[in-house]
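Spelled out, the chains give:
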Amino acid sequence: MSEQNVAATSSTLDQLHCPSVTTSVSSSEIKTTGSAASPPTDLTPISSLDRLMSSKSLRSHTFPLTNFGKNARSFHLQWLDNFNWLEYSVSKDAAFCFPCRAFGVPGKFTIEGFKNWKKAMERKNGLYQHEESASHVNAASSWEEKRLRVGNDAVVSTLLSTAILEKRRFYVKSIIECIYFLIENELAFRGDWDIDEHREMGTVRNLFEFKLKDSEQLRNCQKIMPKNSTYLSPEIQNELISIIAKLIEQQIVNEINSADVEFFTILVDGTKDRKNKECVSMVARYVLNGNSIETLIGFETTDELDANDCLPN
């Protein structure tokens, strides 16, 4: 492969439309969790398009104090303004999440309610921890999608938050960069099977986990990815390799079509492996910008080295 083609393919990766994961839930699919407990009745009905509770509706309410050691704490009215998903149940003196309730996400914020007011505003606990969790992010995206879809009767695939789409594309693009690095340096992809973790510890996964340690942006993107959409399976790796190969092939075709001379040459050579199979490499030679360029366009295994086996079926 010529250095020009490698560079061209690298720039093409930025234009590659990475798959995005959308969440589409119709009003008939919205369910509560299957727990025997049930949320309080003084919250917004899950059939509603928006949270009906606001700080104004509870302005006259006195929030009861709960003892935490030597200190007593309570729910703060301002939290309803800071978190647009937050609800407060007067009957249970507990906080709930409207989108998570509406889309059946199990947890404290859907059935029992959150009431540890001491840790409510800690960065790695309470309200902030719930807001940054993958389950909440997906539920909030579905909530926003439903509101827009019902209000505008728009196409579902266009309604997912632009910020969420950009994060998911950055996540997949990072995996593509790992795969491209291994291809360019002719390194193996697969590794040993880890019996304890029930997964393959291949080079792609290890390289991607190394990038995670070094990139806070990538770690934030990983948080919103569904657990069943990591894009690190062998099947996805093979699909991405095929996409990169097609991009390289197209770049070679474009160069040949824009070559200085309209003629080009196909060079074919081969050698037998240990199984007595003929390994044939095919190279295209053409002139571009006054330079003679030879670039690999294919590698095949045949039983014989003759014209019939070399020609495509």
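Right, let's walk through the structure included here. For every chain, the first residue of the written sequence is number 1, and numbering continues from 1 along that sequence. In keeping with the model being predicted, local features are shown solely for residues with a pLDDT of at least 70 and side-chain atom pairs are shown and tallied solely at 80 or more, while totals for entire chains, interfaces and linings include all residues. Calculation of side-chain values draws on the structure's entire complement of heavy atoms; hydrogens and water are dropped beforehand.

### So, unusual backbone geometry
Line of reasoning, step 1. Its identity as a non-glycine residue notwithstanding, Asp93 has a phi of 50 degrees, on the positive side.
Line of reasoning, step 2. Here Asp93 shows up in the loop between strand S3 (86-89) and strand S4 (94-97).
Line of reasoning, step 3. For Glu186, which is not glycine, the phi dihedral falls at a positive 55 degrees.
Line of reasoning, step 4. Within the secondary structure, Glu186 sits in the loop between helix H6 (162-184) and strand S5 (192-194).
Line of reasoning, step 5. Only protein chains enter the accessibility calculation, which uses a 1.4 Å probe; a residue whose area is less than 20% of its type maximum is buried, one above 50% is exposed, and one in between is partly exposed. Residue classification places Glu186 among the exposed residues on the basis of a relative accessible area of 74%. Think of it this way: any DSSP run of H or I at least four residues long counts as a helix, any run of E at least two long counts as a strand, and we number them from the N terminus.

### Remarks on helix H9 (residues 234-257)
Line of reasoning, step 1. Given a helix with a known number of residues, its expected span is that number minus one, times 1.5 Å. With 24 residues, H9 extends 35 Å between its outermost C-alpha atoms, agreeing within 8% with the 34 Å of an ideal straight helix rising 1.5 Å per residue.
Line of reasoning, step 2. Those residues of H9 that sit buried are Gln237, Leu240, Ile244, Ile248, Ile252, Glu255 and Ile256.

### Describing the pattern of salt bridges
Line of reasoning, step 1. The salt bridge criterion pairs a side-chain nitrogen of Lys or Arg with a carboxyl oxygen of Asp or Glu, the two atoms within 4 Å. One pass over the structure, following the stated rule, counts 6 salt bridges.
Line of reasoning, step 2. One salt bridge in this structure joins Lys272 and Glu278, with 3.2 Å as the shortest N-O distance.
Line of reasoning, step 3. Through salt bridges that share partners, Lys173, Glu177 and Lys211 make up one connected network.

### Regarding the environment of Arg190
Line of reasoning, step 1. Inspection of the secondary structure puts Arg190 in the loop between H6 and S5.
Line of reasoning, step 2. Given the relative accessible area of 39%, Arg190 is considered partly exposed.
Line of reasoning, step 3. As for Arg190 and Thr203, which are separated by 13 residues in sequence, their C-alpha atoms are 6.1 Å apart.

### Let's talk about the nonpolar core
Line of reasoning, step 1. The nonpolar core is taken to be a set of buried Ala, Val, Leu, Ile, Met, Phe, Trp, Tyr and Cys residues, with the residues joined through side-chain atoms within 4.5 Å. Judged by nonpolar contacts, the single largest core of 27 residues is most densely connected at Tyr171, Ile175, Ile179, Phe208 and Tyr286.
Line of reasoning, step 2. Elements with a contribution of two residues or more to this core: H6, helix H7 (203-214), helix H8 (216-223), H9 and strand S8 (278-288).
Line of reasoning, step 3. Counting 25 residues, the second largest nonpolar core, distinct from the first, contains Leu80, Phe83, Trp85 and Ala102.

### Considerations on the sheet that holds strand S9 (residues 291-302)
Line of reasoning, step 1. Think of it this way: DSSP has to see at least two bridges between two strands before they count as a pair. The strand order across the open sheet formed by 3 strands is S7-S8-S9, and the pairing between neighbours is antiparallel. The sheet is open, and its two edges are formed by strand S7 (265-272) and S9, each paired on a single side. Strand-to-strand, the axes of this sheet are offset by a mean angle of 20 degrees, without reference to chain direction.
Line of reasoning, step 2. Two strands pair when backbone bridges link them, and S8 and S9 are joined in this way by 11 bridges, in the antiparallel orientation. Directly across from Val283, in S9, lies its bridge partner Leu296.
Line of reasoning, step 3. By definition in these notes, contact holds between two residues if any of their heavy atoms fall within 4.5 Å. Every axis corresponds to a line fitted to the C-alpha atoms, with the helix fit spanning only the stretch in contact, and the corresponding angles, defined between N-to-C directions, vary from 0 to 180 degrees. Set on the sheet, H9 makes contact with S8 and S9; between it and S8 the angle comes to about 40 degrees.

### Details of the packing of H6 against H9
Line of reasoning, step 1. As a packed pair, H6 and H9 sit with axes 10 Å apart at the nearest point and diverge in direction by 70 degrees. Accordingly, the angle class assigned to the pair H6 and H9 is roughly perpendicular. For the element pair H6 and H9, the recorded crossing hand is right-handed. Along the contact surface, H6 presents Ile175, Ile176, Ile179, Tyr180 and Ile183, while H9 presents Gln237, Leu240, Ile241 and Ile244.
Line of reasoning, step 2. Under the scheme applied here, ten amino acids are nonpolar (Ala, Val, Leu, Ile, Met, Phe, Trp, Tyr, Cys and Pro), four are charged (Asp, Glu, Lys and Arg), and all others, including Gly, are polar. Tallied by class, residues from the contact of H6 with H9 come to 8 nonpolar, 1 polar and no charged. Oblique is the label for every angle not falling under 35 degrees (roughly parallel), over 145 degrees (roughly antiparallel), or within 65 to 115 degrees (roughly perpendicular). Left-handed describes a crossing whose near helix is turned anticlockwise from the far helix through less than a right angle; right-handed describes the clockwise counterpart.

### Re the pairing of S8
Line of reasoning, step 1. With 8 of its 11 residues buried, S8 lies for the most part within the structure.
Line of reasoning, step 2. Of the pairings in the sheet, the one linking S7 to S8 comprises 8 bridges and is antiparallel in character. Along S8, the bridge assignment pairs Gly270 with Val280.
Line of reasoning, step 3. Hairpin connection of S7 to S8: 5 residues between the antiparallel strands, including Asn276 at a positive phi of 65 degrees.
Line of reasoning, step 4. Linking S8 to S9, which pair antiparallel, is a turn of 2 residues; within it Asn289 sits at a positive phi near 55 degrees.

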